[in-house]
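Notes for the structure review
Residues per chain, in single letters:
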Amino acid sequence: MRHVQLWTLRLCWKVLGLLILQSWVLVRSAEPSDPLVTLLVTGSECEALTSCRKAATAIECNEWAAGVLHQPTTNASRPLRTSVPPGCYLYGPSNTAYFNSQESNSACTPDRRCVCGCLSSPDVINVAVFIGDGTTARARSNPIAVFNRPGTGVRAVNFTSEQVTKDLDPEVYHAVLFPGGGGTTEAEALGSTGMNAVRAFVAGGGGYVGICAGAYLAIQHLHISAFEDMPRPVPNKERGDGNVTLSLTADGAAQLGRYNVTQSRLDGLLIFYANGPVMQGGNSSSALFDPIVLATFSSRSVPIEAGYSGPTAGGGAAAVCANRYIPTLDSPGGTVLVSGPHPETDQMDFPDRNGPPAEAGSERAALLVSYVKYVASKRPS
């Protein structure tokens, strides 16, 4: 009888264990999967990035590439070659995606980018970089190249105007970056629906980084910046292209210093400038809080090559600024950073304006990365 009782007890424990395991599996399967961020990589392999992998099938390649391009991909499948690792590639000249290749050199190159699937991670800052009308090729490609290098802790994803409207979610993306080009043209490309989506993103806790035209977009069209452009040295004329030098304020040294940006690294460093805003406080909207100047122009004339003089020449004026945007009492609110100069671009050899991305580990690259890490660090918990 005792043996029967022990056998029955053991059987009950086994059944109970199976029921618990089954319940755990059901709960796990019901949990939503981590958000997948589609990433285009140039000059680097997906495997070098945390939680990223190449597509394993032609179907996956097509889905990922379509998510990036927001249009049906063509030529999405080619015969598998055993000497080439499976992967999804976007061929730049034809803007088409294909799975694997018939070529032996199928690797990430400037004209053949890898399409990767990356899990959203709390340790990685996901940034949407606007690539729509109004942006220049250099201004939109250089930040992506800098961010997507291994070790930056940042992933950048291309965003079109359509994607801004549909997919800009502060639960997935820590920040959005609007690069150089034309602020008014970028606003026209977004339209009222797109601009409202950007405001909602920042109001919901997302960060905003605007460089040059992206700064003008925030100041003059989105009205989410507490700063405004100073009068020009020559009324109604652009300040021009050239180089500038920067000086961190005490607040800038404290805030950006956490991301390896120091005055000693910036001393004498020439940073590309192309008619960006030279700023001062000005917008007193009740939706804007905590204005802060992070860096000023230390060069007496902005740009240095212009040789301007007088109170509007730019020396000592605000170059990099930030503030909080909280339009309503129930809005979490996000941080807006605007920058007149272009840290994403290496030093220019004028009159050539096609500068390459800031070098890996350089002061310019560190400054750019600090922009997104700063606005991401201010996200409401």
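This text goes with the structure placed above it.
These lines cover the structure that appears in this document, whether it is placed above or below. For every chain, the first residue of the written sequence is number 1, and numbering continues from 1 along that sequence. It should be noted that, the model being predicted, local features are given only for residues of pLDDT at least 70 and side-chain atom pairs only at 80 or more, the latter also being counted only at that level, while totals for whole chains, interfaces and linings use all residues. The basis for every side-chain value is the complete set of non-hydrogen atoms in the structure, without hydrogens or water.

Concerning the overall build of the protein
A helix here means a DSSP run of H or I that spans at least four residues, while a strand means a run of E at least two residues long, and both kinds are numbered starting from the N terminus. Summing up its helical and strand segments, the protein has nine helices and 17 strands in all. Each residue's exposure class comes from its accessible area (1.4 Å probe, protein chains only) as a fraction of the maximum for that residue type: buried when under 20%, exposed when over 50%, partly exposed otherwise. Counting across all 381 residues of the protein, residues that qualify as buried make up 51%. Total accessible area on the protein stands at roughly 17300 Å², and carbon and sulfur atoms take up 54% of it. In short, Shrake-Rupley with a 1.4 Å probe defines the accessible areas, and a residue's cover is counted only from the protein chains shown.

Observations concerning the packing of aromatic side chains
The rule is short: rings of Phe, Tyr and Trp, with Trp giving its six-membered ring, pair when the centres are within 6.5 Å, and they are stacked under 30 degrees, edge-to-face over 60, tilted in between. Under the defined criterion, the tally for this structure stands at five aromatic pairs. A ring pair is formed by Phe-178 and Tyr-208, whose centres lie 5.5 Å apart and whose planes are at 20°; its orientation type is stacked. Of this pair, Phe-178 sits in strand S8 (residues 175-178) while Tyr-208 sits in strand S9 (residues 207-211), placing them 30 residues apart in sequence. For the pair formed by Phe-178 and Tyr-208, the shared burial category is buried. The interplanar angle of 90° and the centroid separation of 6.2 Å between the aromatic rings of Tyr-273 and Phe-297 together place this pair among those described as edge-to-face. Linking Tyr-273 in strand S13 (residues 271-274) with Phe-297 in strand S15 (residues 288-297), this pair joins segments that are 24 residues apart in sequence. Connected via pairs of aromatic rings, a cluster forms that spans Phe-130, Phe-178 and Tyr-208.

A few points about helix H5 (residues 183-203)
The end-to-end C-alpha distance of H5, which contains 21 residues, comes to just 21 Å, noticeably less than the 30 Å that a straight helix rising 1.5 Å per residue would cover. What we call the bend at a residue is the angle made by axes fitted to the seven residues finishing there and the seven residues starting there. The largest bend along H5 measures about 100° and falls at Gly-191. Three or more residues of H5 are buried, namely Gly-183, Glu-186, Ala-187, Leu-190, Gly-194, Met-195, Ala-197, Val-198, Arg-199, Phe-201, Val-202 and Ala-203. The positive-phi residue at the C-terminal boundary of H5 is Gly-205, with phi of around 110°. Take the residue count of a helix, subtract one, and multiply by 1.5 Å to get its expected span.

Looking at the state of the cysteines
Working definition: a disulfide is two cysteine sulfur atoms within 2.5 Å of each other. Scanning all chains against the criterion turns up one disulfide. Covalent S-S linkage joins Cys-61 and Cys-88, the inter-sulfur distance amounting to 2.2 Å. Judged by the sign of its S-S torsion, about 60°, the bond between Cys-61 and Cys-88 is right-handed. In this pair, Cys-61 is assigned in helix H2 (residues 58-69) and Cys-88 in strand S3 (residues 88-91), connecting sequence segments 27 residues apart.

Quick notes on the pairing of strand S7 (residues 154-159)
Successive side chains on a regular strand alternate, one facing one side of the sheet and the next facing the other. With respect to burial, S7 is a largely interior element, six of its six residues being buried. Because side chains alternate across S7, one face comprises the buried residues Val-154, Ala-156 and Asn-158, and the other comprises Arg-155, Val-157 and Phe-159, equally buried. Bridge analysis of strand S6 (residues 125-130) against S7 gives six bridges, and the strand direction is parallel. If you follow Ala-128 over to S7, its bridge partner there is Val-157. Here, the term right-handed applies to a crossover whose path from the first strand over the helix to the second runs clockwise when the strands point away from the viewer. With helix H3 (residues 137-147) bridging S6 and its parallel neighbour S7, the resulting β-α-β unit is right-handed. Two strands are said to pair when DSSP picks up at least two bridges between them.

Description of the layout of surface pockets
Of the volumes computed, that of the second largest pocket is approximately 350 Å³. Note on definitions: the grid is 1 Å and covers protein atoms alone; a cavity is a set of points where a 1.4 Å probe fits but cannot get out; a pocket is an open set with protein on both sides within 12 Å along at least five of seven lines; lining residues have an atom within 4 Å of a point. In terms of lining, the second largest pocket is formed by 19 residues, of which the most central are Gly-181, Gly-182, Cys-212, Ala-274 and Asn-275. Counting only elements with at least two residues in the lining of the second largest pocket, the list comes to H3, H5 and helix H6 (213-222). Each residue is assigned to one class: nonpolar for Ala, Val, Leu, Ile, Met, Phe, Trp, Tyr, Cys and Pro, charged for Asp, Glu, Lys and Arg, and polar for all the others, Gly among them. A per-class count over the lining of the second largest pocket returns five nonpolar, nine polar and five charged. Grid points are joined across faces, edges and corners, and a volume is the space filled by probe spheres set on the points.

A closer look at the environment of Val-176
Position of Val-176 among the secondary structure elements: in strand S8. Look at Val-176 and you get buried, because its relative accessible area is 1%. As a C-alpha pair, Val-176 and Val-198 span 22 residues in sequence and 8.4 Å in three-dimensional space. In what follows, a contact means two residues having at least one pair of non-hydrogen atoms within 4.5 Å. Here Val-176 is in contact with Ala-128, Leu-168, Phe-201, Gly-207, Tyr-208 and Val-209, once residues within four sequence places are set aside.

Considering the side chain of Ser-301
Checked against the element boundaries, Ser-301 lands in the loop between S15 and strand S16 (318-325). By relative accessible area, Ser-301 is classed as buried at 7%. For this analysis, a polar contact is any N or O atom pair within 3.5 Å, provided that within protein one partner can donate a hydrogen and the other can accept it, and provided that sequence-adjacent residues contribute only side-chain to side-chain pairs. A polar contact is formed between the side chain of Ser-301 and the backbone nitrogen of Gly-307, at a distance of 3.3 Å.

Description of the nonpolar core
Residues belong to one nonpolar core when they are buried, are Ala, Val, Leu, Ile, Met, Phe, Trp, Tyr or Cys, and are joined through side-chain atoms within 4.5 Å. Core analysis: the largest hydrophobic core is formed by 46 residues, its most contacted members being Phe-147, Leu-337 and Tyr-374. The dominant element in this core, judged by the number of residues it contributes, is helix H9 (residues 363-377), at 10 residues. When sequence neighbours within four positions are dropped, the list of residues in contact with Leu-337 reads Tyr-208, Val-209, Gly-210, Leu-294, Val-320, Cys-321, Ala-322, Tyr-371, Tyr-374 and Val-375. Counting residues in hydrophobic clusters, the runner-up holds 35 residues, among them Ala-128, Met-195, Leu-217 and Ala-287.

Describing the pairing of S3
Bridge count for S3 against strand S4 (residues 96-99) is four bridges, and the pairing is antiparallel. Note that in S4 the partner of Leu-90 across the bridge is Ala-97. A loop of four residues connects S3 with S4, the two strands running antiparallel in sequence, and Asn-95 in this loop sits at a positive phi of about 55°.

Worth remembering: the numbers are spatial, not functional.
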